[in-house]
Amino acid sequence: MSDVTIKVIDNGPLCITGLVDVVDAEGNRFETKETFILCRCGLSGKKPFCDMTHKGKFESAPRA
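Residues numbered from 1 in each chain as written. Predicted model: local features only at pLDDT ≥ 70, side-chain atom pairs only at ≥ 80, totals over all residues. Heavy atoms only, no water.

The name an unreviewed UniProt entry gives the protein chain is Zinc finger domain containing protein (CDGSH-type), with Paenibacillus mucilaginosus as the organism.

Here you go:
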C-alpha cells in the first residue's frame, strides 16, 4: 500500500495526502504540507495549488 494518496475531487482539485515533493520545470521545490490540493481547472491564482476559483466554472468527474 502506498504512503501517498491522490484523490480526484469531483468538479474540483486533486487532494494529495502524504509526504511528496512538488517541483517546477526547473527543479525548484514548492513548499507543501502533508495534505494539500492541486489545481485541475487552470483558473487558480496560486498555481499549482488550488484557490477554489473553479467553483461553478469547472466540470470533471472521472471514474477509474
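Some words on the side chain of His-54
Selection rule: Secondary structure counts use DSSP, requiring at least four H or I residues in a row for a helix and at least two E residues in a row for a strand, with both numbered from the N terminus. A simple rule labels every residue: compare its accessible area, found with a 1.4 Å probe on the protein chains alone, to the largest value its type can have, and call it buried under 20%, exposed over 50%, or partly exposed in between. Whether two residues are in contact is decided by their heavy atoms, any of which lying within 4.5 Å being enough.
Within the element layout of this structure, His-54 appears in the segment after strand S5 (35–38). Taking the relative accessible area as the measure of exposure, His-54 reaches 6% and is therefore buried. In this structure, His-54 is in contact with Asn-11, Gly-12, Pro-13, Cys-41 and Leu-43, ignoring residues within four places of it in sequence.

Quick look at the sheet that holds strand S2 (residues 14–17)
What counts here: Two strands make a pair as long as DSSP finds a minimum of two bridges between them. In this analysis an axis means a line fitted to C-alpha atoms, helices contributing only their contacting stretch, and an angle means the value between N-to-C directions, from 0 to 180 degrees.
Read across the open sheet, the 3 strands follow the order S1-S2-S5; overall the sheet is antiparallel. A strand with exactly one partner marks an edge of an open sheet, and here the two such strands are strand S1 (5–8) and S5. Across the sheet, the axes of successive neighbouring strands diverge by a mean angle of 20 degrees, strand direction being ignored. As paired elements, S2 and S5 share 4 bridges and run antiparallel to each other. Pairing of Thr-17 across the sheet is with Thr-35, part of S5.

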